[in-house]
Amino acid sequence: MSVPAAPAGAPPGQPKKAATAAWIGSALEYYDFFIYGSAAALIFPEVFFDESDPATATLLSLATFGVAYAARPVGALFLGHVGDRLGRKKIMVFTLVLMGLSTFLIGCLPTRDQVGTLAPVLLVLCRVLQGISAAGEQASANSMSLEHAPPDRRGFFTSFTLSGTQGGQLLATLVFIPVAALPEDQLLSWGWRIPFWMSIAVAVAGYVIRRTLEETPTFTEQAATEGVAKMPLAVLAREHWADVLRVVAAALVASVSTIFTVWALAYATSDAVGMDRTSMLWVGALANLVALGAIPLWATLSDRIGRRPVFLIGAAGSAVLMFLYLWAISTGSYPLVLVLGIVTFGVVYSAANGVWPSFYGEMFTTRVRLSGMAVGTQIGFAVAGFAVTFAARIAGPDGDDWLSVALFTAALCVPPVIAALTARETHRTPTERPARSPSRSAGVLCVSRAVRAAGWSGAGRLPVGRLPMRARGVRRGGPPRRPGGAGRGPGAPAWCAGR
């Protein structure tokens, strides 16, 4: 593979450009992803499933929401491999186009009344394509912004990906508010299709924005010097398996988002509570608006005090506050629901949501960063996606057992807390952290050079006595040289310069 010479660092302005591209692309892509969540809770039970059994129709509709999360680990395996082999930019463009196309097709699908059971089958297929796209989107955008960012502001710049995700969710909610206000017959016949058709603009805008972004200097340098991993997944499993498992556990915190966004919306607008659909959509819109400001603030704090404490605030705090939010919905008090919804999702959950892109990404080296983030997060997100379906089952036949759902959500926040407590702090870890200790890597390299200098190329062992004196760290007339020196690896002896 032909790779350009590695630059010394990111060109001026690249961190901002990368963060902007990540924000806009993620916002556009997750607009597509989240309009499906709103439609699954409010529209699809009546359009694609049997209306004679509303509870079962809602359950099946929410299950299709989870199907995309089941497809995401499969997409992560493929897109992570390609991204670590060919670069972050290609994946960022591909995922955006795929998401825009699959979402547009959902708006063109026939209903159950028109083609029977074929309608939900086609819906699931389109949802699978959405899931594959989402699997590579965040991991590639996070890797891109992380590798362009200055060392002391990685949390801030990388948080733009998640700010974009919240922006997309906000946009999806705002689009659905006037659509949900349409008369029932117009809403169920053509009104629900409009948000999905608008996604064609996503593909066009995203392609224009992302195709002009340069590949990261870190990846380019890696490819030009050591080369890319031929099998990134094999390297990941061999050298980073513990961090992959840690990311899987930590990613379960996304269950808070899916329960808040989908199940709580369905519960609040059900016959058991009877709150207005438009009013509840405004709760989500305002919570996401607050999150747009809270996420970069939490991320900036993590650049100062570390990723772990901020992530723990988000995970543990969300577990507690979801009890209060679901209780508020059960009371039917809209002011209480509005305030607790903003505090829970807009403020506290944003702590975990804002730092995980940098927290997870810093656990892996450049060779496997995209694969590590994609595989780890998407397995955890798959569980989070189906948490909505489990919540619908746990809530009982009437769908009103909010306390059991709150306990279930809190239980899903326990693994993220444990993962963060057992993780090492990463906010001062170099973007390219060697897989082996620097001294060991330098020693192996330098002994290799010394062996070549001695002219030995046969099998067997080379006696230490036959090594040049400098290969044994000895110089004539003095003690061993001190480590260090320009052009050498960290901890390398001064003679190991390849001269």
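A short tour of the structure in this document, coming up.

Criteria and cut-off values
- Residues numbered from 1 in each chain as written.
- Predicted model: local features only at pLDDT ≥ 70, side-chain atom pairs only at ≥ 80, totals over all residues.
- Heavy atoms only, no water.
- Helix = DSSP H or I, 4+ residues; strand = E, 2+ residues; numbered from the N terminus.
- Buried < 20%, exposed > 50% of the residue type's maximum accessible area, 1.4 Å probe, protein only.
- Contact = heavy atoms within 4.5 Å.
- Areas by Shrake-Rupley, 256 points an atom, 1.4 Å probe, with all protein chains shown as cover.
- Patch = residues over 30% accessible without salt bridge, like charges linked within 9 Å, V, L, I, M, F, W, Y side chains within 5 Å.
- Salt bridge = Lys/Arg side-chain N within 4 Å of Asp/Glu carboxyl O.
- 1 Å grid on protein atoms, 1.4 Å probe; cavity = no way out; pocket = protein on both sides within 12 Å on 5 of 7 lines; lining within 4 Å.
- Points joined across faces, edges and corners; volume = space filled by probe spheres on them.
- Nonpolar A, V, L, I, M, F, W, Y, C, P; charged D, E, K, R; others polar.
- Core = buried A, V, L, I, M, F, W, Y, C linked by side-chain atoms within 4.5 Å.
- Expected span 1.5 Å × (residues − 1).
- Phe/Tyr/Trp six-rings, centres within 6.5 Å; stacked < 30°, edge-to-face > 60°.
- Lys NZ or Arg CZ within 6 Å of the ring centre and 35° of its normal.
- Axes fitted to C-alpha atoms, helices over the stretch in contact; angles between N-to-C directions.
- Parallel < 35°, antiparallel > 145°, perpendicular 65-115°, else oblique.
- Left-handed = near helix turned anticlockwise from the far one by under 90°.

## Section: the overall build of the protein
When helices and strands are tallied, the protein shows 21 helices and zero strands. Counting across all 499 residues of the protein, residues that qualify as buried make up 55%. Pairs at least 24 residues apart make up 83% of the contacts formed inside the protein by residues separated by at least 6 positions. For the protein, the accessible area works out to roughly 20,100 Å², and carbon and sulfur atoms hold 65% of it.

## Observations concerning a nonpolar patch on the surface
The grouping of Val97, Val204, Tyr207 and Val208 at the surface amounts to a nonpolar patch, some 340 Å² of accessible area in total. The element that contributes the greatest number of residues to the nonpolar patch is helix α10 (residues 200-210), accounting for three residues. Secondary-structure assignment places Val208 in helix α10.

## A closer look at the layout of surface pockets
Computed from the structure, the second largest pocket encloses a volume of approximately 820 Å³. Around the second largest pocket, the lining comprises 27 residues; the ones closest to its centre are Pro54, Ala55, Thr58, Ala266 and Ser270. At the level of secondary structure, the elements contributing two or more residues to the lining of the second largest pocket comprise α1 (14-42), α2 (44-47), α3 (54-86), α14 (255-268) and α18 (369-394). The leading source of residues in the lining of the second largest pocket is α3, at seven residues.

## Brief notes about empty space enclosed by the protein
According to the stated counting rule, one finds two cavities of 30 Å³ or more in the structure shown. At the level of secondary structure, the elements contributing two or more residues to the lining of the largest cavity comprise α1, α3, α7 (154-180), α14 and α17 (334-361). Considering only enclosed or pocket space, the second largest cavity measures out at about 170 Å³ in volume. The wall of the second largest cavity is formed by 14 residues, among which Phe260, Thr261, Leu265, Met280 and Gly284 lie closest to the centre. Secondary structure elements with two or more residues in the lining of the second largest cavity: α1, α7, α14 and α15 (277-305). Counting residues per element, the lining of the second largest cavity draws most heavily on α15, at five residues. Considered class by class, the residues forming the lining of the second largest cavity number eight nonpolar, six polar and no charged.

## Some points on the nonpolar core
Considering soluble globular proteins, one finds that nonpolar side chains tend to be buried as a cluster. One finds Phe44, Trp263, Phe311, Tyr325 and Leu326 to be the most contacted residues of the largest nonpolar core, which totals 114 residues. Among the elements that line this core, the one with the most residues is α18, at 11 residues. Once you skip the residues sitting within four places of it in the chain, Phe44 turns out to touch Tyr36, Ala39, Phe49, Ser61, Ile106, Leu123, Trp192 and Phe196. Core analysis: the next-biggest nonpolar cluster, separate from the first, contains seven residues, Ala18, Met92, Ala141 and Leu213 among them.

## Structural notes on helix α4 (residues 88-106)
If you check α4, its first and last C-alpha atoms are 28 Å apart, about what 19 residues at 1.5 Å a residue would give, namely 27 Å. Here α4 has its buried residues at Arg88, Ile91, Met92, Val93, Thr95, Leu96, Leu98, Met99, Gly100, Ser102, Thr103 and Ile106.

## Describing the packing of aromatic side chains
In this description, a pair of aromatic rings is defined by centroid distance and the angle of the planes. Tallied over the full model, the rule gives 18 aromatic pairs. The interplanar angle of 85° and the centroid separation of 5.0 Å between the aromatic rings of Phe44 and Phe48 together place this pair among those described as edge-to-face. In this structure, Phe44 and Phe48 share a single accessibility class: buried. Seen in terms of ring centroids, Phe311 and Phe359 are 5.8 Å apart; in terms of plane orientation they differ by 50°. Their pairing is tilted. Taken together, the positions of Phe311 in helix α16 (residues 307-331) and Phe359 in helix α17 put the pair 48 residues apart, joining distant regions of the chain. When its relative accessible area of 0% is taken as the criterion, Phe311 is described as buried. The buried category is assigned to Phe359, whose relative accessible area is 1%. Grouping aromatic residues by their ring pairs yields a cluster made of Tyr36, Phe44, Phe48, Trp192 and Phe196. Between Arg127 and the ring centre of Tyr36, over which it is positioned, the NZ or CZ distance is 4.2 Å.

## Description of the environment of Ile329
Relative to the helices and strands, Ile329 resides in helix α16. Exposure remark for Ile329: the relative accessible area of 0% places this residue in the buried category. Once the C-alpha coordinates of Ile329 and Gly274 are considered, the two residues, 55 residues apart in sequence, prove to be 9.8 Å apart. When residues no more than four places from it in sequence are discounted, the contact partners of Ile329 are Ala264, Tyr267, Ala268, Val273, Met275, Met280 and Val337.

## Some details on the packing of α18 against helix α19 (residues 402-412)
Helix packing geometry: the angle between the two helix axes and the distance between the axes. Running from amino to carboxyl end, α18 crosses α19 at an angle of 155°, the nearest separation of the two axes being 9 Å. One way to sum up the angle between α18 and α19 is to call them roughly antiparallel. Here the hand of the crossing between α18 and α19 comes out right-handed. Along its contact with α18, which presents Val383, Ala387, Phe390, Ala391 and Ile394, the element α19 presents Ser404, Val405, Phe408 and Leu412. Of the residues assigned to the contact of α18 with α19, the class counts are eight nonpolar, one polar and no charged.

## Structural notes on the pattern of salt bridges
Within the structure shown, the criterion is met by 10 salt bridges. Note that Arg369 is salt-bridged to Glu147, the shortest N-O span being 2.8 Å. Here Arg369, found in helix α18, pairs with Glu147, found in helix α6 (residues 118-148); they are 222 residues apart in sequence, far enough to count as distant. Taking relative accessible area as the criterion, Arg369 reaches 0% and is therefore assigned buried.

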